[in-house]
Structure formats: C-alpha cells, structure tokens
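Fold and geometry: a report
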Amino acid sequence: MVEKTPVDLWFDPSCPFAWITSRWLLEVEKVRPVEPRWRLMSLHILNEDKDVPDEYKRGARKNLGSVRVVAAAAAQHGEEYVGRLYTELGTRLHNQGMKKDPDRLREVNEAALEAVGLDRKLADAMDSDAYDEAIRASHDEGITLVGQEVGTPIIRVGANAFFGPVITKILRGEDAGRLWDGVLAVTAYEDFFELKRSRVKRPSFD
C-alpha cells in the first residue's frame, strides 16, 4: 500500500478560485498518492489593513461568517468537519450560485450544517467572535508560508508551500495529476517565484 503525502490547503469558503483548486485537489487524490487536509483562512483578515475597495471589504467581512461556522464545527465536533462543511458550503455558494445573494448566507450555512449532520443552530457562530482567534492563527500559519501579497488558496506539501494554482476549470483524471506534477516540479525550486498570464475565462464549477 502506497503511503500518501499530506497536502494542506488553506481556503476561504467564499473564494471561487479556491473552490476550483480544492475540487481539483480531490481529483488529484484519485490519481496520485496525496491526502488533502483542509485549513481555514479569511479574506477579511487578509485585507483588513489593505487599500482595497470598501465594497470588497464589506463582502469579505460578511463572508467571515461562514469561516466562523466551520471553525465552530471543528472546535465542537472535530477537524473532520472542516472538509465536509467546505464541500457543502462551496457547492451551495458556487455551483448553485447562492453567493450572488448574500442575504441568504445564513440559510446557506444552516443547510450545509444539516447536510453534514450538525445542528443548524451552529450557524449562530456567524455573528460571534468566539473562534476568531483560532481562525486568525490558522490564517497566519498559511499566509506566513507564502507572504502577504497573495491570497487563497495556499497549498503546503512538506516544506514546499505556494499560492494557487489559480485555474478556471476543475481538471480531472490524469490531466489533474499532470498539473499536480508540474506544480510540484516548478515550486520545488526555492528561487522560482512566479508564472502568470492574464485570466480571460470565468470560473467554471462543473
């Protein structure tokens, strides 16, 4: 039996690109010996002291509610709920388009909690700062690996950590594996920092 390599991925549930990368990583797991592990970060924390539009800051602050719910579930019921809740939240926010209606965020969190077998009232954590210290600690752990100039997702494989990859489509099968191989190949070099091109496609969650 091949030993699996742990792969940590830091995410904010509201980020569509982190969502696509996370679903790609699950595809990688099918064709490469990796074990995804899910870690929380927050776009609100990332941008609280940065010069970004007020509208973006308000959205990130509101979306902190979902991060809080995941943190509360992990603290009260175990870390295994982080990935499970992320799947339920991301499916509703992104695949089902519910992120476009921020007034339904409480409903989204309640439905996600119910789907993983937890009490819907745990959504009360959306408006509580009880878990903010734990969220900030997880966020800081991830962002310290790659620097303040990037965002979510962050991936760590052993001593190798990087932002991204940013993709607009969930690669599957051996295509997912080949991209994984390539990402590891270039990020393994400590003097490699960036490859980039203009993003001309919108995210696709199929």
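Residues numbered from 1 in each chain as written. Predicted model: local features only at pLDDT ≥ 70, side-chain atom pairs only at ≥ 80, totals over all residues. Heavy atoms only, no water.

Attention now moves to the sheet that holds strand S1 (residues 5-11). Pairing within the open sheet is mixed, and its four strands lie in the order S2-S1-S3-S4. Lying at the two open borders of the sheet, with one neighbouring strand each, are strand S2 (34-40) and strand S4 (160-163). Across the sheet, the mean angle from the axis of one strand to that of its neighbour is 20°, orientation sign disregarded. Judged from the three bridges that link them, S1 and strand S3 (residues 154-157) form a sheet pairing that is antiparallel. What sits directly across from Trp10, in S3, is Ile154. (Pairing = 2+ DSSP bridges. Helix = DSSP H or I, 4+ residues; strand = E, 2+ residues; numbered from the N terminus. Axes fitted to C-alpha atoms, helices over the stretch in contact; angles between N-to-C directions.)

To continue, consider the pattern of salt bridges. Tallying each qualifying case throughout the model produces 18 salt bridges. Where Lys30 meets Glu27, a salt bridge forms, and the shortest distance between an N and an O atom there is 3.1 Å. Taken together, the residues Lys30 and Glu27, both in helix H1 (residues 16-31) and three residues apart, mark about one turn of the helix. Judged by relative accessible area, Glu27 falls into the buried class, the value being 9%. Between Arg104 and Glu107 there is a salt bridge whose closest N-O contact spans 2.8 Å. Note on Arg104: relative accessible area 32%, which makes it partly exposed. Connected through salt bridges with shared partners, the residues Asp8, Arg37, Arg39, Glu141 and Arg156 form a single ionic network. (Salt bridge = Lys/Arg side-chain N within 4 Å of Asp/Glu carboxyl O. Buried < 20%, exposed > 50% of the residue type's maximum accessible area, 1.4 Å probe, protein only.)

Moving on, we get to unusual backbone geometry. The residue after Thr152, namely Pro153, is reached through a cis peptide bond having omega 10°. Counting through the fold element by element, Pro153 comes out in the loop between helix H6 (132-146) and S3. At the junction of Gly164 and Pro165, the peptide bond is cis and its omega measures out at 0° in the coordinates. With respect to the helices and strands, Pro165 occurs in the loop between S4 and helix H7 (173-187).

For the rest of this paragraph, the subject is the environment of Ala115. Within the fold, Ala115 resides in helix H5 (residues 105-115). C-alpha separation for the pair Ala115 and Arg84, spaced 31 residues apart in sequence, amounts to 9.1 Å. Filtering out sequence-adjacent residues up to four positions away, Ala115 remains in contact with Glu88 and Arg92. (Contact = heavy atoms within 4.5 Å.)

As a further point, take the packing of aromatic side chains. Applying the stated criterion to the full structure yields four aromatic pairs. Judged by centre distance (3.7 Å) and plane angle (10°), the rings of Phe11 and Tyr86 are stacked. Residue Phe11 is found in strand S1, and its partner Tyr86 is found in helix H4 (residues 80-95); the two are separated by 75 residues along the sequence. With relative accessibility at 0%, the residue Phe11 sits in the buried group. A centroid spacing of 5.4 Å and a plane angle of 75° characterise the contact between Trp19 and Tyr86, whose relative ring orientation is edge-to-face. Of the two residues, Trp19 sits in helix H1 while Tyr86 sits in helix H4, which places them 67 residues apart along the sequence. The class of Trp19 is buried, set by a relative accessible area of 2%. Among the aromatic residues, those joined into a cluster by ring pairs are Phe11, Trp19, Trp38 and Tyr86. The side chain of Arg23 reaches across the aromatic face of Trp38, ending 5.8 Å from its centre. (Phe/Tyr/Trp six-rings, centres within 6.5 Å; stacked < 30°, edge-to-face > 60°. Lys NZ or Arg CZ within 6 Å of the ring centre and 35° of its normal.)

Take it as geometry only, folks, not as evidence of what the structure does.
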